[in-house]
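Close look at the chain arrangement
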Amino acid sequence: MERSYPARDNSCTIMLNERRSQLLYPEEYPREDPVVMARRLGILPGGQWKPLNCHPLFNVAIILPYRNRQTQLTIFMSYIHPFLQAQNLDYRIFVIEQSPMREFNRAKLFNVGYAEATKVNDFHCFIFQDIDLIPQNPDNIYACTTMPRHMSSSVNTFRYNLPYTGLFGGAIALTRKQFERVNGFSNVFYGWGGEDDDFYSRLQSRGFQITRFGPDIAQYYMLTHKKEAPSSARFQNLENSARRYDTDGISNLEYRVLNHQLRPLYSWILADV
Ligand code: NGS
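Summarised in this report is the structure supplied together with it. If you're wondering where the values come from, they're calculated on a predicted model, not measured in any experiment.

The rules behind the values
In this numbering scheme, every chain counts its residues from 1 along its sequence in written order. Selection of residues for local features in this predicted model requires a pLDDT of at least 70, selection of side-chain atom pairs for listing and counting requires 80 or more, and totals for whole chains, interfaces and linings are taken over all residues. Where side-chain values are given, they derive from all heavy atoms of the structure, hydrogens and water being excluded. Each residue is tested against the molecule or strand, and it is near if at least one of its non-hydrogen atoms lies within 4 Å. In protein, a polar contact means a hydrogen-donor-capable atom and an acceptor-capable atom, both N or O and within 3.5 Å, with residues adjacent in sequence counting only if both atoms are side-chain atoms; elsewhere, any N or O pair within 3.5 Å suffices. Here the accessible surface of atoms and residues is derived via Shrake-Rupley with a 1.4 Å probe, and residues count as covered only by protein chains that are part of the display. Only DSSP runs of H or I covering at least 4 residues are called helices, and only runs of E covering at least 2 are called strands; the numbering of each starts at the N terminus. Any two of the Phe, Tyr and Trp rings considered here, Trp counted by its six-membered ring, make a pair once their centres fall within 6.5 Å; the pair's planes then place it as stacked at under 30 degrees, edge-to-face at over 60, or tilted in between. Only protein chains enter the accessibility calculation, which uses a 1.4 Å probe; a residue is then buried when its area is under 20% of its type maximum, exposed when over 50%, and partly exposed in between. Salt bridges, as used here, are contacts in which a Lys or Arg side-chain nitrogen is within 4 Å of a carboxyl oxygen on Asp or Glu. For this analysis, residues touch if any pair of their heavy atoms sits within 4.5 Å. Pairs of cysteine sulfur atoms within 2.5 Å are identified as disulfides in what follows. Here the rule is simple: two strands pair whenever DSSP picks up at least two bridges between them.

Here the focus is the site of the ligand. Close contacts around the ligand come from F158, Y164, L167, W192, G193, G194, D196, D197, K227, R234, F235 and L238, and that covers them all. Between an oxygen atom of the ligand and a main-chain N or O atom of G194, the distance comes to 2.8 Å. The separation between an oxygen atom of the ligand and a polar side-chain atom of K227 is 3.0 Å. Relative to its unbound accessible surface of 450 Å², the ligand loses 73% to contact with the protein. At the level of elements, α5 (195-205) and α6 (234-239) are the ones that each hand at least two residues to the shell around the ligand. Top element by residues in the shell around the ligand is α6. It accounts for three residues.

In this section: the packing of aromatic side chains. Inspection of every chain in the model, using the stated rule, returns 17 aromatic pairs. Geometrically, the ring pair formed by F94 and F123 is edge-to-face, given 5.9 Å between the ring centres and 90 degrees between the ring planes. With F94 in strand β5 (residues 90-98) and F123 in the loop between α3 (106-120) and β6 (125-129), this pair connects stretches of sequence that are 29 residues apart. The exposure class assigned to F94 is buried, which follows from its relative accessible area of 1%. The interplanar angle of 20 degrees and the centroid separation of 6.1 Å between the aromatic rings of F168 and F199 together place this pair among those described as stacked.

So, about the pattern of salt bridges. Two side chains of opposite charge can pair, provided their charged atoms sit close to one another. On inspection of all chains with the given rule, the structure shows 14 salt bridges. Two residues, E228 and R69, come together in a salt bridge whose shortest N-O distance is 3.2 Å. Here the residue E228 occupies a position in the loop between β11 (219-222) and α6, and R69 occupies one in the loop between β4 (59-66) and α2 (70-85), the gap between them amounting to 159 residues. A relative accessible area of 44% places E228 in the partly exposed class. Put simply, R202 and D248 hold a salt bridge, and the shortest N to O gap is 3.7 Å. One end of the pair, R202, is in helix α5; the other, D248, is in the loop between α6 and β12 (256-262), and 46 residues separate them in sequence. Its relative accessible area of 4% is what places D248 among the buried residues.

This brings us to the side chain of R92. With respect to the secondary-structure elements, R92 resides in strand β5. Ignoring any residue separated from it by four or fewer positions in sequence, one finds R92 in contact with G46, G47, Q48, V60, A61, I62, V120, F123, L262 and S267.

Summed over all chains, the structure comprises two disulfides. Disulfide pairing places C12 opposite C54 at an S-S distance of 2.1 Å. The sign of the S-S torsion, about 95 degrees, decides the handedness of the disulfide formed by C12 and C54: right-handed. With C12 in the loop between β1 (2-4) and β2 (15-17) and C54 in the loop between β3 (48-49) and β4, this residue pair connects regions lying 42 residues apart in the sequence. C54 shares its class with C12; the two are buried. One disulfide bridge connects C125 with C144, the sulfur atoms lying 2.1 Å from each other. Between C125 and C144 the sulfur-sulfur dihedral comes to about 85 degrees; the bridge is accordingly right-handed. Taken together, the residues span a long stretch of sequence, with C125 in strand β6 and C144 in the loop between β7 (133-135) and β8 (149-150) at a distance of 19 residues. Considered together, C125 and C144 belong to a single accessibility category, that of buried residues. Disulfides within the protein chain link the bonded cysteines, taken in sequence order, as 1-2, 3-4.

Attention now goes to the pairing of β6. Of all the five residues making up β6, five are buried; the element is thus mostly covered by neighbouring parts of the structure. Taking every second residue as pointing to the same face, both faces of β6 are buried, with C125, I127 and Q129 on one and F126 and F128 on the other. Judged from the four bridges that link them, β4 and β6 form a sheet pairing that is parallel. If you follow I62 over to β6, its bridge partner there is I127. Looking at chain direction, β6 and strand β10 (residues 171-175) are connected through five bridges and run antiparallel. The residue of β10 that forms the bridge with I127 is A173.

Interpretation note: all reported values are geometric properties and have no functional meaning in isolation.
As C-alpha cells, then:
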C-alpha cells in the first residue's frame, strides 16, 4: 500500500510505503555489479542522483568514514541507493577512507567529508553515518530537520532500545549551518569511542536540542563485525573537551587527500589524517 503527500507545486513528494518486511535482512539483499547498478538506477559517477521529474526538497551529502570493510561497503551501497531514491532526494555519497598507519579517527573523517563535499556542492544537509548501519524503515527520511537528529536510536543489536539519552552516534543528520555552528567534530579522537559523546556535548554547549524519530521509524540493522577495543585516551579527551570546542574542529582541520575517484556508486576520497 502506498501513500503520498500531494505537492502544491512541482516539489517532489515523499512516498511512504510498506516495504519493511522485505528489508529486514540486508545481508541477503541482492548485490549487483556497481557499473550495472549505476546504469540501471541512473546514478551519476561519484554516487550522485536526483529526481528528474520534480524539484527535490532536500540536497544531501552522505558522509561515510571507511577502512577495510569491503563486504559491508558492498552491501551498504546495493541497499542504500534504492532506499534514497524512493525518498526522492537530491543526494551524493562520499566514502572517506583513512590511509593506513594511524588509528582510525571516525570524527576527523567526518570533518574531511564535510570539507570535501562543500568544495564540490553547496549541500544544505549532511548525514554522517557508519557503513555497518542499514536503515530498515523507508520512512526514516535521509534529510535534515530544524534540530540536529539522531537517526539510529533503535538498533537491532540493542534490541531496538536507546542505550543512553546522550547517545548521538551511528547515523546523524545536521544542516550545514548546525554543523558549522559547533565547529564540526573534534579531531583528537583516534581509536574507538567517545567522539560522538564529545559531539553531543558540543551541541549542548551551543544550546541545541536534539531530536529523534519514534523507535519504529528509527530502526537500523547493524551488519556484524568484530568489536573494536576502546581507546584508552577517550575519557581524558572527553574531560577537557569543553576547552577545545572553538579551536579543535573544522576550524583547524588539516589533512592530505592522497587519492580520489568518482566511482560508480560513490565518491571515494583517500585521506591521510
Ligand atoms: C559509549 C561510547 C560511544 C559509543 C557508545 C555505543 O560507551 O562512543 O558507547 O557504542 N563512549 C565512550 O566510550 C566514552 S556501541 O555499543 O554502539 O558500539 O558510540
